[in-house]
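Listed below are the residues making up each chain.
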Amino acid sequence: MVYMNVESDIRAGMAIFEKYDLRPTFALYDPGFIRLGSAPAARFPKMKTPVYRFMFSEEFTFGFAPKRYGVDAYLATLNDYAPGAPWMIAALKGNITPIIPDAVTLGGHVRVGLEDPIWGSDKTNPQLVEAAANNIVKAGGDLATAADSRAEMKDR
């Protein structure tokens, strides 16, 4: 399978985000995606700053396994190409629990859901969210309400 984002589609999407004052989010499957996203985003100065989602996996071979060195590599690249942009960690068939404390202490956010767990997991979405919330608080982070999240995304 070839995963392809055609540049004309990306430009059209960004024009929509800019026109309707929406915020794009970029799923990043390796640090190079930060460069691929930040370059066209710079061409839309009225568009809100994108949210960069650092994707980790254990079952797929893209990017990084959920380890601290992966967070560091993503952040180093983000700081070079989109400094100050909001970011979060997430998984596609992986367990980000070990890097939740890193995300919290480094100023990131955590996204969890049903696409995250390794194949065969019997966890429900509420169980995944509850476990992540517990780990965020344990790491010293605060939990955002839906209203908090909307306000933060609106202001940037």
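As the structure is a prediction and not an experimental result, all values here were calculated from the model.

**Brief notes about helix α2 (residues 32–41)**
Among all positions of α2, only Ile34, Gly37, Ser38, Pro40 and Ala41 are buried. Contacts made by the buried residues of α2 are with α1 (7–19), β1 (25–28), β2 (51–56) and α3 (68–81).

**A short note on the packing of α2 against α3**
Contact geometry of α2 with α3 gives a least axis separation of 9 Å together with a crossing angle of 20 degrees. Judged by the inter-axis angle, α2 sits roughly parallel to α3. Considering the relative orientation of α2 and α3, their crossing is right-handed. Contacts between α2 and α3 involve Ile34, Arg35 and Ser38 from the first element and Tyr74, Thr77, Leu78 and Tyr81 from the second. Of the residues contributing to the contact of α2 with α3, the split by class is four nonpolar, two polar and one charged.

**Considerations on the packing of aromatic side chains**
With the rule as written, the count across this model stands at nine aromatic pairs. Between Phe54 and Tyr74 the ring centres are 4.6 Å apart and the planes differ by 10 degrees, which places this aromatic pair in the stacked class. Of this pair, Phe54 sits in strand β2 while Tyr74 sits in helix α3, placing them 20 residues apart in sequence. With relative accessibility at 0%, the residue Phe54 sits in the buried group. The interplanar angle of 10 degrees and the centroid separation of 5.0 Å between the aromatic rings of Phe54 and Trp87 together place this pair among those described as stacked. Remark: Trp87 occurs in strand β3 (residues 87–91) and Phe54 occurs in strand β2; sequence separation between them is 33 residues. Both residues of the pair, Phe54 and Trp87, count as buried. Members of the aromatic cluster, each reached through a chain of ring pairs, are Phe54, Phe56, Phe64, Tyr69, Tyr74 and Trp87.

Cut-offs applied
Residues numbered from 1 in each chain as written. Predicted model: local features only at pLDDT ≥ 70, side-chain atom pairs only at ≥ 80, totals over all residues. Heavy atoms only, no water. Buried < 20%, exposed > 50% of the residue type's maximum accessible area, 1.4 Å probe, protein only. Helix = DSSP H or I, 4+ residues; strand = E, 2+ residues; numbered from the N terminus. Contact = heavy atoms within 4.5 Å. Axes fitted to C-alpha atoms, helices over the stretch in contact; angles between N-to-C directions. Parallel < 35°, antiparallel > 145°, perpendicular 65-115°, else oblique. Left-handed = near helix turned anticlockwise from the far one by under 90°. Nonpolar A, V, L, I, M, F, W, Y, C, P; charged D, E, K, R; others polar. Phe/Tyr/Trp six-rings, centres within 6.5 Å; stacked < 30°, edge-to-face > 60°.

Read these as layout, nothing more, since geometry by itself doesn't imply function.
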